[in-house]
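One letter stands for each residue in the lines below.
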Amino acid sequence: MDSKNIFRLLVRYKYSVIIIILLSGICAVIFSSKHFITPLYKSKVVMYPTSTYSISKSLFNTNKLVFVDPLEIGDEDQTDQMLQILKSNIIKDKIIEKYNLMEHYGINQDHKYKLTNLYKEFDSKIKFRRTEHNAVMIMVLDSDPVYAANIANEISELFDITINSLQKEYANKALEIVENEYDKAIKERTLLEDSLKKLHAIGIYDYDIQITALSEQLAIEIARGNEKSIENIEKKIEFINNYKNINNNLNIRIEQNNQHITDIKSKLEEARIDATHNVPHKFVVTTAYITEKPSYPIRWIIVSVTMISTFMLLVLLLIFIENYSEQKNNKNG
């Protein structure tokens, strides 16, 4: 059947078609109302991750070759990390507990699969996605506009709390390791200094200076021909030479130990900063607010789709009826 015949068919049954389409529209209006479909309100938060999660590296970085700007917006890797944390059960479970979503979503607590149903409902109402500008959007749909706004803002705050909590767990362990290493280095320095004091007690101070002085004195006494003084100086030189390696090794080890302590002290300060301070890890550009109009259902779309679908079904039905009637008449004829 061509378009002209379809048009003639619609004209023939125009009143029936119009009445049925209007009735379908009225039904769509009625059944899309809040009495049949619970309206949902949408709230959203848009935020960017920061470029670094380390306080000491961002604020006290001493490496001039690697500049870390704490105010710089993160790249795709940081955005992916942000999405991963937002989708984690750590945040999900805290939101469920704080807002009692099991009861709020009307899930039967005696149901065999209550947790499965709860998480399914959560994932359908609360979503996270990357925007075209590499930000992260938190979208919350809820029957209560206050809940929607509060949950969206709460998730945004929980991102920082979760990051800081994870960092603190690692930073405290790192701090403990560095503190132990620092204490070990301090004890080693004490032992080395005690050994050096023992050398001082027997007259060994600075090998090079003492040997130089004694050698000069020996040359003077040799020139004078003072055998007794020459013998005494040679004994002193021999005595000091016996402790040459010990003295030099102690001085080298003390110098290395002091440098080691300096390096560890720098790491210790960084570890203490990371373990005791928090900084924001996000830039929030849009906070959630209480919306006045529901976002779902969109009634005009439902009504339009229903009326168009009804029209198309009517056309198909009329074509079928017309073809059936023609075949029947042909058989009877």
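Being a predicted model, the structure only gives us computed values, none of them experimental. (Residues numbered from 1 in each chain as written. Predicted model: local features only at pLDDT ≥ 70, side-chain atom pairs only at ≥ 80, totals over all residues. Heavy atoms only, no water.)

### Here's the deal with the overall build of the chain
Scanning the chain from terminus to terminus reveals 12 helices and 4 strands. Taken along its principal axes, the extent of the C-alpha atoms in the chain is 155 × 45 × 35 Å. Sorting the 333 residues of the chain into buried and exposed places 35% on the buried side. By sequence separation, contacts in the chain at least 24 residues apart represent 80% of the contacts at least 6 residues apart. (Helix = DSSP H or I, 4+ residues; strand = E, 2+ residues; numbered from the N terminus. Buried < 20%, exposed > 50% of the residue type's maximum accessible area, 1.4 Å probe, protein only. Contact = heavy atoms within 4.5 Å.)

### Things to note about the sheet that holds strand β2 (residues 126-130)
Strand order in the open sheet formed by 4 strands is β2-β3-β1-β4, and the pairing between neighbours is antiparallel. Of all the strands in the sheet, the pair left with one neighbour each is β2 and β4 (282-286). Geometrically, the sheet is characterised by an average inter-axis angle of 25° between neighbouring strands, direction not taken into account. Where strand β1 (residues 41-49) and β4 come together, 4 bridges link them in antiparallel fashion. (Pairing = 2+ DSSP bridges. Axes fitted to C-alpha atoms, helices over the stretch in contact; angles between N-to-C directions.)

### Examining a nonpolar patch on the surface
Side chains of Tyr-15, Ile-19, Leu-23, Ile-26, Ile-30, Phe-31 and Phe-36 sit close together on the surface and give an oily, nonpolar patch of about 760 Å² of accessible area. Positionally, Leu-23 belongs in helix α2 (residues 14-31). (Patch = residues over 30% accessible without salt bridge, like charges linked within 9 Å, V, L, I, M, F, W, Y side chains within 5 Å. Areas by Shrake-Rupley, 256 points an atom, 1.4 Å probe, with all protein chains shown as cover. Salt bridge = Lys/Arg side-chain N within 4 Å of Asp/Glu carboxyl O.)

### Considerations on the pattern of salt bridges
Applying the stated criterion to the full structure yields 8 salt bridges. A salt bridge links Arg-130 to Asp-80, with the nearest nitrogen and oxygen atoms 2.2 Å apart. Highlighted residues: Arg-130 in strand β2 and Asp-80 in helix α4 (residues 76-86), separated in sequence by 50 residues. Residue class for Arg-130 comes out partly exposed when judged on its relative accessible area of 31%.

### A closer look at the packing of α4 against helix α8 (residues 145-201)
Across the interface, α4 lies against α8 with an axial gap of 10 Å and an inter-helix angle of 105°. By the criterion of interaxial angle, the relationship of α4 to α8 is roughly perpendicular. Across the interface between the two elements, Met-82, Ile-85 and Leu-86 of α4 pack against Ile-155, Phe-159, Thr-162 and Ile-163 of α8. Broken down by class, the residue content of the contact of α4 with α8 amounts to 6 nonpolar, 1 polar and no charged. (Parallel < 35°, antiparallel > 145°, perpendicular 65-115°, else oblique. Nonpolar A, V, L, I, M, F, W, Y, C, P; charged D, E, K, R; others polar.)

### A look at helix α11 (residues 244-276)
Taking 1.5 Å as the rise per residue, α11 with 33 residues should run 48 Å; its terminal C-alpha atoms sit 47 Å apart, in good agreement. Buried within α11 are the following residues: Asn-247, Leu-250, Ile-254, Asn-257, Ile-261, Ile-264, Leu-268, Ala-271, Ile-273, Asp-274 and Ala-275. (Expected span 1.5 Å × (residues − 1).)

### Observations concerning the packing of α8 against α11
Relative orientation of the contacting elements α8 and α11 amounts to 155°, with a least axis distance of 8 Å. One way to sum up the angle between α8 and α11 is to call them roughly antiparallel. Where α8 crosses over α11, the handedness of that crossing is left-handed. Grouping the amino acids of the contact of α8 with α11 by side-chain chemistry returns 17 nonpolar, 8 polar and 10 charged. (Left-handed = near helix turned anticlockwise from the far one by under 90°.)

### Here we look at helix α9 (residues 207-224)
Spanning 18 residues, α9 covers 25 Å between terminal C-alpha atoms, matching the ideal 26 Å at 1.5 Å per step. Of the residues flanking the start of α9, the one acting as N-cap is Asp-206, its side-chain oxygen 3.3 Å from the backbone nitrogen of Asp-208. Downstream of α9 by a residue or two, Gly-225 has a phi angle that is positive, lying close to 75°. (Polar contact = N/O pair within 3.5 Å; in protein donor to acceptor, adjacent residues only side chain to side chain.)

### Brief notes about the nonpolar core
Counting 30 residues, the largest nonpolar core has Leu-86, Ile-95, Leu-101, Ile-126, Ile-138, Ile-151 and Ile-155 as its most contacted members. Counting residues per element, this core draws most heavily on α8, at 8 residues. Ranked by size, the runner-up nonpolar core spans 14 residues in total, among them Leu-192, Ile-211, Leu-214 and Ile-233. (Core = buried A, V, L, I, M, F, W, Y, C linked by side-chain atoms within 4.5 Å.)

### Points about unusual backbone geometry
Most peptide bonds are trans, and most residues other than glycine sit at a negative phi. The phi dihedral of Asn-100 is positive, around 45°, even though this residue is not glycine. Relative to the helices and strands, Asn-100 resides in the loop between α5 (89-98) and α6 (101-104). When its relative accessible area of 35% is taken as the criterion, Asn-100 is described as partly exposed.

Any functional reading would require information beyond the geometric quantities listed.
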